[in-house]
Amino acid sequence: MSKRFFDVYRAPGEHPVFSHRTGLFTFEEVLHSGVMTAAGINTAGYPLDVLSNYPSRFDPYAFQDPSSFRIELDGAAIDRCLVLEDYSEDRREDSLESVITLRCEFKPVRLRIHTLLGGYAMFTRWFEIENLSDRPMNLSGLALLSGGLEIMDRAQLHAPREVDGLYSIGYFEDDNWGREGMFAWHDLTPGAKSVDCRFGRDRFRQPMVFLRNNVNGRFFFAQLGWTGGCRFTADLNAVAERDRSYLSFAAEITGFAPMTVILPGETFVTPEVHFGAVNGDLDCAVNEMHAHVRACVLNSEDINPVDLTVGAGMGAEHDMSVETSKSFIRQFREMGAEIFIIDAGWECPPAQRDINWGGYNGVNRPDPDRYPNGLGELSDYCHELGMKFAMWIEIERLGDLCSGWNDHEDWFARDIYGRLNKGFIDLGNPEAARWAEDELARMIEEYRLDMLRIDNNVSYRDYFARTDRGAGIPENISIRHFAAVYKMYQNLKKRFPGVVFENCAGGGGRCDLGMMKCFNHTWVSDWQKAPNSLLITNGMTMMLPPERVDRLFAGMGCHEFGAFDFQMRNTMLSHMSLNVVAPTPAVPNTVQMDFIRHSVELYKSFIRPMLPTAKIFHHDPEAAKDGVTDHCVIELASPDGAKGVMGVFALAGRPSGALTVVPRGLDAGKNYRVTLDNSGASFTRPGYKLLTHGVSLNLPAPLASELVLFEEI
């Protein structure tokens, strides 16, 4: 069965029907009496009127607010009184983009609803809002997706009368630094449950949510491609005495109103929402989401992650002298690294115990005392040794030691109290945006960069400062700022297609799909200590395909907890990065180095080639939740099941002893050579036995690990 089916089935008439079908996912809408209503979902591939005289769409009056989106302009909901003006399609070989054009009857506004289908059980949607009037309009409310998801007749399903366990909602519980990706399920009780990101919360919770129907096995999943404030809301209307339950949903952009001002004649393009549904388990949902993200979202040739170069770097935690840098470059090369990265601190003078690298943001020139021959000396040294050269920069924030701090106060926005918000540059200011893009282009060319690491160390509150674009109405900076940020990095990627762009934001502060459309891969956390380092990998590889997720071995306190193999293998299931294992005067530990070289070579030869298309299986998705499990298993497998790898990790407090793990991504009809990396022992097994009986392992202590390799023979 081909998974790359996509089509929009339309039924004209008094109430036009738009049935978006991709893979086995159908999302249907009806323009009913001026309201574009969410009319139902199917996860078996059918349009909802497969029986033409007995359609299974929602009754348009079933939900109090049935609209499939919500847009509020000048205090009025314009998702009412809509007239269909046009419909068009852009059909390509591997995708279809539909555009439904609507006009509001009581306000001079035109809406274009864009929906991108790629053949997997998820779509991408965004809107164009065109101001047809001669006055500004305030955008104060924006739900990119809303309305009913499901009406369930529990009596027909022989379901229990109890309503508290009908659905579960899964999301990243923690929004704090160093706690990215901490996933957990919660029972959805009757009423509304909201999950907020960034606005009113710190920025380290990523905008992704799952909804699981515990009765019929249906999964809904959504991500917002947006780096500012947002909210997911699930509303369950259910009582034990009534057979039918009603589930509705909204994915909203949030912030102080107005979120932006749409000027006369202007067309505002919204952020994107990505939404899908399957019947199956979490693995099915995650892999369908990853397939869509790879094919339809992160599909630009300019952000192709295929090379997955093994990076290694040093920053302000070292003296960063030329001599030390060259020594570390040689150490990294011996470890198997392919690119050297100068991290934060290269703008600062030498001989400082605590380098104030943030204060030098905006200088963007190497300190001449630290690098008397400029950065070209290190760039040339890397290239002579066959390695690539990369640098860190934080371009969206000025430090108090750079001239721009006082010279460009007009680049800074003001907080809600009107106070100047120094440091964080509002790139909605065209002059500031031009400066930032020109500076990045200059550094790429002048320092002969093969990769650019972009950092962002600001408070989430800075995203919601205010500015005035000339309409006399203070508005949030976040929508204009991030639109400018996306445009800047997209421009630079097109201008420098051979340069790798790595995203970082105080660790994992902005890993959403809006930002990731501009980057090859992303840092997902600055926390590298076990076991949280593993739990972060486990969660963040649910949201992003593993080849887009950077994980670090060594450095940043990695050595404090956990066995050496645990630390290394946490990086091997994603995009690998390395750090220093011995200071300059010390002789590297040969036992360490042998294991590192072995692991890096295994990564390059066995794991890395399958990463860009790998399916991923999270055996313990709630490993971050206390008391749920004492181990964590992450599995990768090639789409055809010919190869696979499982990282098996003992968590803190787990007693030593045997553990049986059952792979999920293999083919029952194949035969495999199984290799246990700890001992090097290998044996053969039929796929059907592995899928039923698994592999028995011995984990000798807490925070120990095993790597199990499967290869078809």
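Here, every reference points to the structure presented above.
Just so you know, these numbers come straight off a predicted model, no measurement behind them.

1. What to know about the nonpolar core
Nonpolar side chains in soluble globular proteins tend to end up buried together. Core analysis: the largest hydrophobic core is formed by 190 residues, its most contacted members being Phe210, Phe275, Trp346 and Tyr489. Among all residues touching Tyr489, those that are not within four sequence positions of it are Ile395, Glu396, Leu440, Ile454, Phe501, Cys518 and Phe519. If you look at the next biggest cluster of nonpolar residues, it comprises 16 residues, including Tyr672, Leu676, Leu697 and Val708.

2. Comments concerning the packing of aromatic side chains
For the structure on display, the rule yields 37 aromatic pairs. Judged by centre distance (6.1 Å) and plane angle (50 degrees), the rings of Phe424 and Tyr463 are tilted. Note that Phe424 is positioned in strand β27 (residues 420-425) and Tyr463 in the loop between β28 (451-454) and β29 (466-467), a separation of 39 residues in sequence. For the pair formed by Phe424 and Tyr463, the shared burial category is buried. Taken together through their ring pairs, the aromatic side chains of Phe199, Trp226, Phe256, Phe424, Tyr463, Phe464, Phe482 and Tyr486 make up a single cluster. Between the NZ or CZ atom of Arg212 and the centre of the ring of Trp185, over which it lies, the distance is 4.1 Å. Stacked on the ring of Tyr381, the Lys or Arg Lys326 has its end atom at 5.1 Å from the ring centre.

3. Here's the deal with the pairing of strand β34 (residues 575-578)
Strand residues, when the strand is regular, have side chains that alternate between the two faces of the sheet. By the alternation rule, side chains of β34 split into His575 and Ser577 and Met576 and Leu578, which are all buried. The pairing of strand β33 (residues 549-553) with β34 spans 4 bridges and is classified as parallel. Pairing of Arg551 across the sheet is with Met576, part of β34. The β-α-β motif built from β33, the intervening helix α9 (residues 564-572) and the parallel element β34 has right-handed crossover chirality.

4. Observations regarding helix α5 (residues 430-446)
For α5, built from 17 residues, the straight-helix expectation of 24 Å at 1.5 Å per residue is met to within 8% by its first-to-last C-alpha distance of 24 Å. What α5 keeps buried is the set Ala432, Ala433, Ala436, Glu439, Leu440, Ala441, Arg442, Met443 and Ile444. Tucked into the core, α5 has its buried residues touching β25 (388-393), β27, β28, α6 (478-495) and β31 (500-503). If you check the start of α5, you find a side-chain oxygen 2.9 Å away from the backbone N of Glu431, and it comes from Asn429. Note on α5: the residue one or two positions beyond its end, Arg448, has a positive phi of about 55 degrees.

5. Re the sheet that holds strand β23 (residues 311-314)
The 8 strands are arranged β23-β24-β25-β28-β31-β32-β33-β34 in a closed barrel whose pairing can be described as parallel. Neighbour to neighbour, the strand axes of the sheet diverge by 30 degrees on average, direction disregarded. Of the pairings in the sheet, the one linking β28 to β31 comprises 4 bridges and is parallel in character. For Leu452, the partnering residue across the bridge sits in β31 and is Phe501. The strands touched by helix α10 (residues 590-607) within the sheet are β33 and β34, with β34 carrying the most contacts at an inclination of about 155 degrees.

6. Remarks on the side chain of Arg21
Looking at the element boundaries, Arg21 is found in strand β2 (residues 17-22). Residues in contact with Arg21, not counting those within four places in the same chain, are Phe5, Phe6, Asp7, Tyr9, Thr26, Gly45, Pro47 and Leu117.

7. Some points on the environment of Asn131
As for its position among the elements, Asn131 is in strand β10 (residues 122-131). With 496 residues separating them along the chain, Asn131 and Gly627 place their C-alpha atoms 54 Å apart. Apart from residues no more than four positions distant in its own chain, Asn131 is found in contact with Pro108, Pro136, Met137, Ile262, Leu263, Pro264, Gly265 and Glu266. For Asn131, the side chain forms a polar contact with the side chain of Ser133, separated by 2.7 Å.

Quick notes on the rules
- Note that residues are indexed from 1 along each chain, following the sequence as it is written.
- Local features in a predicted model are, by the rule used here, given only for residues with pLDDT of at least 70; side-chain atom pairs are given and counted only at 80 or more, and totals for whole chains, interfaces and linings are based on all residues.
- Computation of side-chain values covers all heavy atoms of the structure but excludes hydrogens and water.
- Each nonpolar core is a collection of buried residues, namely Ala, Val, Leu, Ile, Met, Phe, Trp, Tyr and Cys, held together in the definition by side-chain atoms within 4.5 Å.
- The buried label applies to any residue whose accessible area, calculated with a 1.4 Å probe on protein chains only, is under 20% of its type's maximum; exposed applies above 50%, and partly exposed to all values in between.
- Throughout, a contact is declared for two residues whenever any of their heavy atoms are within 4.5 Å.
- Here is the rule: rings of Phe, Tyr and Trp (six-membered ring for Trp) pair when centre to centre is within 6.5 Å. Planes less than 30 degrees apart are stacked, more than 60 are edge-to-face, and the remainder are tilted.
- Put simply, DSSP H or I for four residues or longer makes a helix, DSSP E for two residues or longer makes a strand, and each gets a number counted from the N terminus.
- We count a charge as sitting over a ring when the NZ of a lysine or the CZ of an arginine lies within 6 Å of the ring centre and within 35 degrees of the ring normal.
- Here a strand pair is declared whenever DSSP counts at least two bridges between the two strands.
- When the strands point away from the viewer, a crossover counts as right-handed if the path from the first strand over the helix to the second runs clockwise.
- Under the convention used throughout, the expected extent of a helix is 1.5 Å for every residue step, that is, one less than its residue count.
- Between N or O atoms, a polar contact is any pair within 3.5 Å; within protein, one atom must be a potential hydrogen donor and the other a potential acceptor, and residues adjacent in sequence are included only when both atoms are from side chains.
- A fitted line through C-alpha atoms represents every axis, and for helices the fit uses only the stretch in contact; the resulting angles, taken between N-to-C directions, go from 0 to 180 degrees.

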